[in-house]
Amino acid sequence: MPDASPAHMLRTSFFRGLRAVHRPRGSAQAGMTPFFQGKIDNFCAAYAVLNAMRLIHDISAFQARALFSDLLLSQSRDEKAFRAILNHGTDYVDMVDAFLERIAERFPLRVSAPFDAETACGDVWEVLTDYARPELGRSAVFRFRRYEAFSVRPRADHWTTAHRMEGGVLRFFDCSLEPDGLYHLTRQLMKDDADQRVTEYVIVPPESVRLVERPGAEGGAYGDAYGNGAETWRY
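Now for a quick tour of the structure. (Residues numbered from 1 in each chain as written. Predicted model: local features only at pLDDT ≥ 70, side-chain atom pairs only at ≥ 80, totals over all residues. Heavy atoms only, no water.)

## Considering the overall build of the protein
Right, so step 1: Tallying secondary structure elements over the protein gives eight helices and seven strands in all.
Right, so step 2: Expressed as a percentage of its 235 residues, the buried residues of the protein come to 40%.
Right, so step 3: For the protein, contacts bridging at least 24 residues in sequence account for 66% of all contacts bridging at least 6.
Right, so step 4: When the accessible surface of the protein is split by element, carbon and sulfur atoms take 52% of a total near 13800 Å². (Helix = DSSP H or I, 4+ residues; strand = E, 2+ residues; numbered from the N terminus. Buried < 20%, exposed > 50% of the residue type's maximum accessible area, 1.4 Å probe, protein only. Contact = heavy atoms within 4.5 Å. Areas by Shrake-Rupley, 256 points an atom, 1.4 Å probe, with all protein chains shown as cover.)

Written out as structure tokens, the structure reads:
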């Protein structure tokens, strides 16, 4: 007997709408590129966390895979929240915090969320550049939105990892393989809010910034160094 359940009907109606698109062979097909791993998912925030751990704890691919699998299993227990993660229906801050907290159970780690949403981008820039020091056991994980000139809608909404400073340029330790992706940031590119500007610009939501470091890392302890007090540290 055919399955007439609502779940079956939903599945079949969805897949019935996926028709093969036949394109003529030729130059368009010759220039076609395969999907690379990560191209069609929304886990850049998880990769940003794992890349920070690679920088400050030198985790292996095997360890990263185990941590990532654990994250997926834990997040999938809440179907509504997990669907939001899969469909880019969230800012991923809660997922990043949950991931860092789980990782801190296995690796020595200090995590700080020092900024609220009203923090000026100049203050955020100063701290990001100070924490792009993996050789001292610290880095930062943060979200950025990239805007084209004269646009108030982001071209890209992505999470990345602070790597190092080179002549006033903040280099990312990034998971993306996009040929036109953004892999570095300057102070001039950073803005506080979306507006119709004549040049490309980037917004780093201050509340997304997570400072991560090995306990005892040289020159760390955001609360001590910047006078905000130990309450900024999550764990």
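Continuing now.
## Thoughts on the pairing of strand E4 (residues 169-172)
Right, so step 1: Direction of pairing for strand E3 (residues 156-166) relative to E4: antiparallel, over a ladder of four bridges. In the strand pairing of E4, Ala162 is matched with Phe172.
Right, so step 2: The loop that links E3 with its antiparallel partner E4 comprises two residues; one of these, Gly167, has a positive phi angle of about 55°.
Right, so step 3: For E4 and strand E5 (residues 184-186), the ladder comprises three bridges, and the chain directions are antiparallel. (Pairing = 2+ DSSP bridges.)

## Points about the environment of Leu72
Right, so step 1: As for its position among the elements, Leu72 is in helix H4 (residues 61-75).
Right, so step 2: By relative accessible area, which is 25% here, Leu72 ends up partly exposed.
Right, so step 3: Placed 26 residues apart in sequence, Leu72 and Ala46 show a C-alpha to C-alpha distance of 9.7 Å.
Right, so step 4: Leu72 has contacts with Phe43 and Phe82, leaving out every residue within four places of it along the chain.

## Some thoughts on the packing of helix H3 (residues 44-57) against H4
A pair of packed helices can be characterised by two numbers: the angle between their axes and the separation between those axes.
Right, so step 1: Remark: H3 packs on H4, axes separated minimally by 11 Å, with the N-to-C direction vectors making an angle of 145°. At the point where H3 passes H4, the crossing takes the right-handed sense. Two secondary-structure elements touch here, H3 through Ala46, Tyr47 and Leu50 and H4 through Ala64, Leu67, Phe68 and Leu71.
Right, so step 2: By residue class, the composition of the contact of H3 with H4 is seven nonpolar, no polar and no charged. (Axes fitted to C-alpha atoms, helices over the stretch in contact; angles between N-to-C directions. Left-handed = near helix turned anticlockwise from the far one by under 90°. Nonpolar A, V, L, I, M, F, W, Y, C, P; charged D, E, K, R; others polar.)

## Considering the pattern of salt bridges
Right, so step 1: Tallying each qualifying case throughout the model produces 15 salt bridges.
Right, so step 2: As a salt-bridge pair, Arg197 and Asp193 come within 3.2 Å of each other at their nearest N and O atoms.
Right, so step 3: Via salt bridges that share partners, Asp70, Arg102 and Arg106 belong to a single interconnected network. (Salt bridge = Lys/Arg side-chain N within 4 Å of Asp/Glu carboxyl O.)

## So, the layout of surface pockets
Right, so step 1: Roughly 950 Å³ of volume is contained in the largest pocket.
Right, so step 2: In terms of lining, the largest pocket is formed by 34 residues, of which the most central are Gly38, Asp41, Cys44, Cys175 and Ser176.
Right, so step 3: Secondary structure elements with two or more residues in the lining of the largest pocket: H3, H4, strand E2 (138-147) and E3. (1 Å grid on protein atoms, 1.4 Å probe; cavity = no way out; pocket = protein on both sides within 12 Å on 5 of 7 lines; lining within 4 Å. Points joined across faces, edges and corners; volume = space filled by probe spheres on them.)

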